[in-house]
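So the chains spell out like this:
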Amino acid sequence: MGRWIFKTLEFIINSFLNVVYPNDEKCVVCGCYSTRNLCRKCEKNIEFLNSSFSIEHNKNLYKYYSIATHKKAMRDIVIALKYNKNFNAASIIADYMEKLILNKKLSIDVVTFVPMAKRDENRRGFNHSKVIAEFLARKLNKPCVRLIKKKRITKDQIGLSSSERWNNINGSFVYEKKAKKYNSILLVDDVITTGATVINCVDELKKCEIRKIYILTASKSIV
Ligand SMILES: [Zn+2]
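(A) The arrangement of the environment of Gly195 in detail. Here Gly195 is to be found in the loop between strand E6 (184-192) and helix H8 (196-206). Spatially, the C-alpha atoms of Gly195 and Lys220 are 9.5 Å apart, while their sequence positions differ by 25 residues. With residues up to four places along the chain from it excluded, the contact list for Gly195 reads Ile55 and Trp166.

Written out as structure tokens, the structure is:
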């Protein structure tokens, strides 16, 4: 009986709050009612990097940018998008990405994203990297175009060792011919760990003789 009263009260309070604050005015991390999609308390919890890093692979150096470490609030934001389909989380990531692009004065023609295999995208219902790229492109007033295709299904990289990640993903992407018309491309992904995924995408785009390819991820993780 007591539990029933508590549940009813909770329902009435939530219904009232949903009228006062629309659903999109909740913090995507803690769920508190906030005028922003990310409350200030959770934002303080993000370990910002806003810097560039490099990975050496096959004697080539690949530079990339990440917004934050894949911990605490940024990890929760990525999870909210990827597994809870919260597109407000993509908008938050795109906001930070836009700031980084302007701060670093990166000049780009087009925004693209790491593609998913058709089967995986159908299962999830959306490609989370594409959603981030679309939000970002709108903010930058640039086109968002698919320039890479995933030609075969690969295992989820999560849980694999560093060498397994490279073996799993190598040769799984192919560029789209239309990539050849761009000079400067921004490639967006959610998380970078070994870099195997984005570097495989960049290697495909390099075949199109693109002058500049920037890599930008929401977060940076360690295997
Ligand atoms: Zn919060």
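(B) Summary view of the coordination of the zinc ion. Note on the zinc ion: its protein donors are Cys27 (SG), Cys30 (SG), Cys39 (SG) and Cys42 (SG). The metal-donor distances range over 2.3 to 2.4 Å. For the zinc ion, the four donor atoms in the first shell make angles of 103 to 116° at the metal, a pattern classed as tetrahedral. Every donor residue of the zinc ion comes from the same chain, spaced as C-x2-C-x8-C-x2-C. One end of the pair, Cys27, is in the loop between helix H1 (2-20) and helix H2 (40-43); the other, Cys39, is in the loop between H1 and H2, and twelve residues separate them in sequence. With respect to class, Cys27 is no different from Cys39; both count as buried.

(C) Inspection of unusual backbone geometry at higher detail. With a phi angle near 65°, Lys59 is a residue other than glycine that sits in the positive phi range. Tracing the backbone shows Lys59 in the loop between strand E1 (48-57) and strand E2 (60-69). The exposure class of Lys59 is exposed, given its relative accessible area of 79%. Here Lys72, not a glycine, exhibits a phi torsion of approximately 45°, which is positive. Counting through the fold element by element, Lys72 comes out in helix H3 (residues 72-82).

(D) Expanded view of the sheet that holds strand E3 (residues 110-113). Pairing in this open sheet of five strands is mixed, and the strands run E1-E2-E7-E6-E3 from one edge to the other. Since the sheet does not close on itself, it has two edges, and those belong to E1 and E3, each with one partner. Averaged over all adjacent pairs, the angle separating strand axes in this sheet is 30°, with direction ignored. Examined bridge by bridge, E1 and E2 share eight bridges and lie antiparallel to one another. Note on E2: the bridge partner recorded for Ser51 is Ser66. Contacts from helix H4 (residues 87-103) reach E1, E2, E6 and strand E7 (212-220), with the element oriented near 135° to E7. Across the face of the sheet, H8 comes into contact with E1, E2, E6 and E7 while running at roughly 165° to E6.

(E) Seen up close, the pattern of salt bridges. If you walk through the whole model with that rule in mind, you get eight salt bridges. Here Glu43 and Arg36 are joined by a salt bridge, their closest N and O atoms 3.3 Å apart. A relative accessible area of 28% means that Arg36 is categorised as partly exposed.

(F) Looking closely at a nonpolar patch on the surface. On the surface, Trp4, Ile5 and Leu9 cluster together into a nonpolar patch covering about 340 Å² of accessible area. Looking at Ile5, the relative accessible area reads 42%, which means it is partly exposed.

(G) Up close: the packing of aromatic side chains. Here the structure, examined in full by the defined rule, presents three aromatic pairs. One Lys or Arg, Arg138, reaches over the ring of Phe135 and ends 5.4 Å from the middle of that ring. The ring of Phe53 has Lys220 sitting right over it, with the charged end atom 4.5 Å from the ring centre.

The rules behind these values
Residues numbered from 1 in each chain as written. Predicted model: local features only at pLDDT ≥ 70, side-chain atom pairs only at ≥ 80, totals over all residues. Heavy atoms only, no water. Helix = DSSP H or I, 4+ residues; strand = E, 2+ residues; numbered from the N terminus. Contact = heavy atoms within 4.5 Å. Donors = N, O, S within 2.8 Å, 3.2 Å for Na, K, Ca; no water. Tetrahedral: all angles 85-135°; square planar, octahedral: opposite > 155°, others 65-115°. Buried < 20%, exposed > 50% of the residue type's maximum accessible area, 1.4 Å probe, protein only. Pairing = 2+ DSSP bridges. Axes fitted to C-alpha atoms, helices over the stretch in contact; angles between N-to-C directions. Salt bridge = Lys/Arg side-chain N within 4 Å of Asp/Glu carboxyl O. Patch = residues over 30% accessible without salt bridge, like charges linked within 9 Å, V, L, I, M, F, W, Y side chains within 5 Å. Areas by Shrake-Rupley, 256 points an atom, 1.4 Å probe, with all protein chains shown as cover. Phe/Tyr/Trp six-rings, centres within 6.5 Å; stacked < 30°, edge-to-face > 60°. Lys NZ or Arg CZ within 6 Å of the ring centre and 35° of its normal.

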